[in-house]
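Here's the letter readout for the chains.
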Amino acid sequence: MRNDPYLKFNFLVEIDDLAVGGFSEMTGLNVEATPIEYREGGDPARMRKLPGLAKFNNITLKRGITTNPVLWEWHKTTLDGATQRHNGAIILLDEARVPALRWEFFEAWVAKYEGPPLNASTNEAAIESIDLAVESVRLAG
């Protein structure tokens, strides 16, 4: 049996009960642990490294803009001082559109909303994007 890599265009985004539609692009699924360096007194020739705090980058989602204002309204809760947080998932599908991998994110809120750049000399879709600040991410398999 072959073990080919999954194709990156075949994915879904779930955000609690928000009906936000499909997304054309997702980036920023980065997790890192910041190294803490220290030197032991008896070993002056090298630095030791310990794992520090985990850092979860913002997840950016892009989609064609429609008359559905749900992403703007979610961002507006932060602008109004009543931030709404949601959990969600990025789901990578196999060729048969069956879920293969699932990255779950927690306590997400819209840190940035970007409206579509407009240009009368092109015929491309108008794309809006949001940056989700997340507190943690896990690969759920």
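Computed from a predicted structure; not experimentally measured.

A. Inspection of the nonpolar core at higher detail. If you look at the biggest cluster of nonpolar residues, it comprises 17 residues, and the most contacted ones within it are Val13, Ile15, Leu61, Phe105, Ile130, Leu132 and Val134. Elements that contribute at least two residues to this core include exactly strand E1 (11–15), strand E5 (59–64), helix H1 (70–79), strand E7 (99–114) and strand E8 (127–133). Beyond its immediate stretch of four places on either side in the chain, Val13 contacts Phe23, Leu61, Ala89 and Ile90.

B. Spotlight on the packing of aromatic side chains. Per the stated rule, a full pass over the model turns up one aromatic pair. For the ring pair Trp72 and Tyr113, a centre distance of 5.2 Å and an interplane angle of 75 degrees mean the geometry is edge-to-face. Highlighted residues: Trp72 in helix H1 and Tyr113 in strand E7, separated in sequence by 41 residues. A residue is classified by how much of its surface remains accessible, and Trp72, at 38% relative accessible area, is partly exposed. Overall, Tyr113 belongs to the partly exposed group, its relative accessible area being 22%.

The rules behind each value
Residues numbered from 1 in each chain as written. Predicted model: local features only at pLDDT ≥ 70, side-chain atom pairs only at ≥ 80, totals over all residues. Heavy atoms only, no water. Core = buried A, V, L, I, M, F, W, Y, C linked by side-chain atoms within 4.5 Å. Buried < 20%, exposed > 50% of the residue type's maximum accessible area, 1.4 Å probe, protein only. Helix = DSSP H or I, 4+ residues; strand = E, 2+ residues; numbered from the N terminus. Contact = heavy atoms within 4.5 Å. Phe/Tyr/Trp six-rings, centres within 6.5 Å; stacked < 30°, edge-to-face > 60°.

Keep in mind these numbers describe shape, not what the thing actually does.
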